Number of protein chains: 2
Amino acid sequence: MAKINENYLKLAGNYLFSTVGRKIREYQETHPQAEVIRLGIGDVTQPIAPSVINSLHTAVDEMGKAETFRGYAPDLGYDFLREVIARKDYQERGCSISPDEIFVSDGAKCDCGNIQEIFSTDNVIAVCDPVYPVYVDSNVMAGRTGVYDESLQCYRNVIYMPCTAENGFVPEFPEQTPDLIYLCYPNNPTGAVIRKDQLQSWVDYALAHGSVILYDAAYEAYISEPDIPHSIFECRGARECAIEFRSFSKTAGFTGLRLGFTVIPKDLKVMGTSLWSLWARRHGTKYNGAPYIIQRAGEAVYSEEGRKQILQQIAYYMGNAKYIYEGLKEAGYTVYGGVNAPYIWLHTPKDMTSWEFFDYLLSEANVAGTPGSGFGPGGEHYFRLTAFGSRENTIRAIKRIQKL
Amino acid sequence: MAKINENYLKLAGNYLFSTVGRKIREYQETHPQAEVIRLGIGDVTQPIAPSVINSLHTAVDEMGKAETFRGYAPDLGYDFLREVIARKDYQERGCSISPDEIFVSDGAKCDCGNIQEIFSTDNVIAVCDPVYPVYVDSNVMAGRTGVYDESLQCYRNVIYMPCTAENGFVPEFPEQTPDLIYLCYPNNPTGAVIRKDQLQSWVDYALAHGSVILYDAAYEAYISEPDIPHSIFECRGARECAIEFRSFSKTAGFTGLRLGFTVIPKDLKVMGTSLWSLWARRHGTKYNGAPYIIQRAGEAVYSEEGRKQILQQIAYYMGNAKYIYEGLKEAGYTVYGGVNAPYIWLHTPKDMTSWEFFDYLLSEANVAGTPGSGFGPGGEHYFRLTAFGSRENTIRAIKRIQKL
């Protein structure tokens, strides 16, 4: 008699962004005239850069000719992509990462969700609160979190590390020692960043306690200020305690193309076993590589022309971020983020809960955002807006909010 | 202190195709003059069909323009693809499957590897022996198989169902009742098929015992004879006990493009829980959809023009299969498969083990195949050749083997 994985039944509610999407759809159905502006799900709106498009066309043509057709990709990614990533994203920043330590994938969400598989199910995880839901939910499914406590809005066996305005949305070390520590900077959802000395102290902590840091750097391309680390591998000792996730989704608008990568240094060992080898085995067994044409698109992001075009896109979104940040401030909101990250994190007015503010904004201003409480109990009374809309829509959304 | 998932350490040897690849590379390095013909890994060689290429170009252009750019795909796949799949692959064959029951993914390997996650870790799996390694290995990683017994070349808690020449490579019902039953027809690696009455009896068995059948139909496009089921949903009652996996890799040469899908009927419930809802939750949490441009490529496979071109490709490969089958027979080999499947399964001569024959063929004929024992103990003394080479290489390979 087959049995289900009952851990799935412990999941509290639906996946956040599915619920947000459903609520918007339902509102649209009952209000067909309303022109809803979506600043909710972190999806981009700018088209793919021309040099990336050229590269895609070239690769498509290659797939159509016998002499240049490519079948299965190498398990861990094509060398042409792994080499340029290692050089441009790591070696040129002084990080000692080799191409062989890069695992190309179809996106950081999959990697962040799957990485827990290589660890024991009795490991205890620590997450920031609020936090991107995938880290927690994927561990719920694996049975690592215990049951959900409705009153506390927490899973019993997860260490939640409060990220508040007071600590600048960078957590303090928890009382209980975690085995796995999820950190994400620039942060989703708060838009906060971590200074290098703060990140170094987390690396030192992990080394001292035998913990592994799972570092999500999906938004590093949005860092505009100096002295903010782009990679955890800028810190001493990180090669012995950290795994890093990167994405092309936000860097180059690849949300619909799907490309990301994970960096696992060969020095990272747990119980004498190389995590690199475990992850390589997982890739080989359960994954068949990112499409060749998409890997060529990723390569084009690093070309001189591609880089220029991408920087323009990022500047465009960060112009939106500035507009949202200042517009909300003017309207009397308490606002965070938006300087080194494409997310603006605002405190809800009049003691509204996050979902109350979601409904209020959707019905009164026809603007959709993401309720902070969807990211954990520490996100209650907060709300996330993203800078990924078009400039025009962003301006209209903020003007509507200002008129409320 | 972080701990690893020790189930990974139970994995016997490397992933089969990684080992095959490494052995070929090593041989090539020491014999740079040798022109090795690869009929091993089931990778295709024909370029992508022209109508699919056109569709890719159109979709790439859409991604380059603001008005037609697409970001995140719907979690379960675009409607345009799910609808055409439901109609052409199922409804037109008399199977009652709706678009909503199709989950689009980046390939059947990922889906076959990940599906076990939604089941309890104490479920007992049954697999054919020999078998595609992903079914077993993904269950080893999840802790469902127990330890590997070197002497038996088996995992202790897995039910191996012998598939032999005597039973036409279709297993009998096992003594112990399995919770999850993996079946794959047309079969990889044996090239065998299952008749509809045989498959119906497996469906009846699963219904009677509360088991779930995980049916891998990745090779259904190669079926040339009548009365061979293309889908398990041609059988009565399958909607209550079966999940089906399909792939564009072999149907349309998408090994390097990555597209597949899984069918979970909404009637399929285990312990009162819909497996559809569990898999939907997994998709929403750990996956971000197949690339838009690849889903458009998949759609083109079902167009009138696309279909014609794809059928030509399949006929080409099946011409290879026929050549291999007859060529080996002439040379005195005992050969199976190759009629409704792109795989030829041969008995090794002179009592050679599968790996001995692999080395022999590689060094003496410079032909690479796949050792049968890599697919399980029942594959010992067998060897798999694939029909996915070019016609020219296939002919040369067989001529070389005939000269041995």
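Residues numbered from 1 in each chain as written. Chains lettered and ligands numbered in written order. Predicted model: local features only at pLDDT ≥ 70, side-chain atom pairs only at ≥ 80, totals over all residues.

K.L.:
Would you mind showing me how to read the environment of Val270 of chain A here?
P.N.:
Within the secondary structure layout, Val270 of chain A lies in strand S11 (residues 269–270). Residue Val270 of chain A is classed as buried on the basis of its 22 C-beta neighbours within 10 Å. Linking Val270 of chain A and Ser249 of chain A, residues 21 residues apart in sequence, is a C-alpha distance of 30 Å. Filtering out sequence-adjacent residues up to four positions away, Val270 of chain A remains in contact with Val212 and Leu275 of chain A together with Ala2, Lys3 and Ile4 of chain B. (Helix = DSSP H or I, 4+ residues; strand = E, 2+ residues; numbered from the N terminus. Buried ≥ 20, exposed ≤ 12 C-beta atoms within 10 Å, placed from the backbone. Contact = placed C-beta atoms within 7 Å.)

K.L.:
Is there a simple way to explain unusual backbone geometry in this structure?
P.N.:
Negative phi values dominate among residues other than glycine, just as trans dominates among peptide bonds. A cis amide bond links Asp129 of chain A with the next residue in sequence, Pro130 of chain A, at an omega value of 5 degrees. Relative to the elements of secondary structure, Pro130 of chain A occurs in the loop between strand S3 (125–129) and helix H5 (133–141). Of note, the bond from Tyr185 of chain A into Pro186 of chain A is cis; its omega dihedral lies within 30 degrees of zero at -10 degrees. Mapped onto the elements, Pro186 of chain A comes out in the loop between strand S7 (180–184) and helix H6 (196–209). The phi dihedral of Asp227 of chain B is positive, around 70 degrees, even though this residue is not glycine. Mapping Asp227 of chain B onto the fold places it in the loop between strand S8 (212–216) and strand S9 (242–247). Overall, the presence of 9 C-beta atoms within 10 Å leaves Asp227 of chain B in the exposed class. Non-glycine residue Arg258 of chain B carries a positive phi angle of around 70 degrees.

K.L.:
I keep staring at the interface of chain B and chain A and nothing clicks. Help me out?
P.N.:
Reports of interface size often rely on the accessible area that becomes lost once the parts have come together. Each side of the interface is counted separately: chain B has 68 residues, and chain A has 68 residues. Of all the elements in the fold, those that place two or more residues in the side of chain B that touches chain A are helix H2 (50–63), helix H4 (108–114), helix H5 (133–141), helix H8 (275–286) and helix H9 (292–301) of chain B. Per-element tally for the side of chain B that touches chain A: the top contributor is H2 of chain B, with 6 residues. Tallied by class, the residues present in the side of chain B that touches chain A amount to 34 nonpolar, 20 polar and 14 charged. (Nonpolar A, V, L, I, M, F, W, Y, C, P; charged D, E, K, R; others polar.)

K.L.:
How do you make sense of H9 of chain B when you look at a structure like this?
P.N.:
For an α-helix, 3.6 residues make a turn, and residues three or four places apart therefore share a direction. The buried fraction of H9 of chain B is high, at 10 of 10 residues. Every buried residue belonging to H9 of chain B is among Tyr292, Ile293, Ile294, Gln295, Arg296, Ala297, Gly298, Glu299, Ala300 and Val301 of chain B, and all of these are buried.

K.L.:
Please explain the domain arrangement of chain A as it appears in this structure.
P.N.:
Residue and element names in this part refer to chain A. Looking at the assigned domains, one finds that chain A contains domain 1 (12–48 + 305–403) and domain 2 (54–303). Each partner contributes to the interface: domain 1 provides 35 residues, whereas domain 2 provides 40 residues. Put simply, the parts of the chain that give the side of domain 1 that touches domain 2 at least two residues each are helix H10 (304–330), strand S13 (335–337), strand S14 (343–347) and strand S17 (382–386). In terms of residue count, the dominant contributor to the side of domain 1 that touches domain 2 is H10 (7 residues). Its residues assigned to classes, the side of domain 1 that touches domain 2 shows 18 nonpolar, 13 polar and 4 charged. (Domains from an automatic or database assignment.)

K.L.:
Looking at this structure, I do not really get the pairing of strand S9 (residues 242–247) of chain A. What am I missing?
P.N.:
Side-chain positions along a regular strand alternate between the two faces of the sheet. All names here are of chain A. Burial within S9 is extensive, with 6 of its 6 residues counted as buried. Of the two faces of S9, both are covered, the one formed by Ala242, Glu244 and Arg246 as well as the one formed by Ile243, Phe245 and Ser247. Of the pairings in the sheet, the one linking S9 to strand S10 (residues 260–263) comprises 4 bridges and is antiparallel in character. Paired with Ser247 across the strands is Gly260, a residue of S10. (Pairing = 2+ DSSP bridges.)

K.L.:
In this structure, what is going on with the sheet that holds strand S6 (residues 159–162) of chain A? I would like to understand it.
P.N.:
Sheets are built from strands that pair by backbone hydrogen bonding, the pairs being arranged parallel or antiparallel. Residue and element names in this part refer to chain A. Read from one edge of the open sheet, 7 strands run S2-S10-S9-S8-S7-S3-S6, paired in mixed fashion. Looking at which strands have only one partner, the edges of the open sheet turn out to be strand S2 (102–105) and S6. Adjacent strand axes in the sheet meet at a mean angle of 20 degrees when their direction is disregarded. Judged from the 5 bridges that link them, S7 and strand S8 (residues 212–216) form a sheet pairing that is parallel. (Axes fitted to C-alpha atoms, helices over the stretch in contact; angles between N-to-C directions.)

K.L.:
For this particular structure, what's the right way to read the relation of the copies chain B and chain A?
P.N.:
Turning one copy of the chain about an axis and sliding it along that axis gives the other copy, so a rotation and a shift relate them. Once turned by 180 degrees and shifted 0.0 Å along the axis, chain B lies on chain A with an RMSD of 0.0 Å. Given the turn and translation reported, the copies of this chain are related as if by a two-fold rotation axis. Among all residues of chain B, the minimum C-alpha distance to the rotation axis is found for His57 of chain B, at 3.1 Å. An overlap of 100% is found between the interface residues of chain B and their copies at the interface of chain A, pointing to a shared contact surface. (Least-squares fit on C-alpha atoms with pLDDT ≥ 70 in both.)

K.L.:
Mind showing me how you'd approach the pairing of strand S17 (residues 382–386) of chain B here?
P.N.:
All names here are of chain B. Where burial is concerned, most of S17 is hidden: 5 out of the 5 residues are buried. Where burial is concerned, the two faces of S17 agree: the one with Tyr382, Arg384 and Thr386 and the one with Phe383 and Leu385 are both buried. With 5 bridges joining them, strand S14 (residues 343–347) and S17 adopt antiparallel strand pairing. Its bridge partner lying in S17, His347 is registered against Tyr382. Here strand S16 (residues 370–371) runs beside S17; their pairing, made up of 2 bridges, is antiparallel. Bridged to Thr370 within S17 is Arg384.

K.L.:
What exactly am I supposed to notice about the sheet that holds S13 of chain A here?
P.N.:
All names here are of chain A. Pairing in this open sheet of 4 strands is antiparallel, and the strands run S13-S14-S17-S16 from one edge to the other. The two strands at the open ends of the sheet, each matched to only one other strand, are S13 and strand S16 (370–371). This element, H10, spans S13, S14 and S17 of the sheet and lies at about 15 degrees to S14.

K.L.:
Looking at this model, I keep getting lost on the packing of helix H2 (residues 50–63) of chain A against H2 of chain B. Mind explaining?
P.N.:
The description of two helices packed together rests on the angle between their axes and the distance between the axes. Here H2 of chain A crosses H2 of chain B at 175 degrees, and the two axes come no closer than 10 Å. Relative to H2 of chain B, the element H2 of chain A lies roughly antiparallel. Along its contact with H2 of chain A, which presents Ile53, Leu56, His57, Val60 and Met63 of chain A, the element H2 of chain B presents Ile53, Leu56, His57, Val60 and Met63 of chain B. Tallied by class, the residues present in the contact of H2 of chain A with H2 of chain B amount to 8 nonpolar, 2 polar and no charged. (Parallel < 35°, antiparallel > 145°, perpendicular 65-115°, else oblique.)

K.L.:
It is not clear to me how the nonpolar core should be interpreted in this structure. Could you clarify?
P.N.:
A general trend in soluble globular proteins is that nonpolar side chains are found buried together. Counting residues in each nonpolar core, the largest one holds 276 residues, and the members touching the most others are Ile213 of chain A together with Ile213 of chain B. Apart from the residues within four sequence positions on either side, Ile213 of chain B is in contact with Ile181, Leu183, Trp202, Val203, Ala206, Ile232, Cys241 and Ala242 of chain B. (Core = buried A, V, L, I, M, F, W, Y, C linked by C-beta atoms within 7 Å.)

K.L.:
Honestly, helix H11 (residues 354–365) of chain B in this entry has me stumped. Any pointers?
P.N.:
Residue and element names in this part refer to chain B. Taking 1.5 Å of rise per residue, the 12 residues of H11 would be expected to cover 16 Å, and the 16 Å separating its terminal C-alpha atoms lies within 8% of that figure. Three or more residues of H11 are buried, namely Ser354, Phe357, Phe358, Leu361, Leu362 and Ala365. Projected onto a plane normal to the axis of H11, the buried residues spread over an arc of 130 degrees and lie on a single side. Facing away from the buried side of H11 by over 90 degrees, the exposed positions are Ser363 and Glu364. Packed against the buried residues of H11 are helix H1 (16–30), strand S15 (367–368), S16, S17 and helix H12 (391–403). Of the residues one or two after H11, Asn366 is the one with positive phi, at around 55 degrees. (Expected span 1.5 Å × (residues − 1). Arc of directions from axis to C-beta.)

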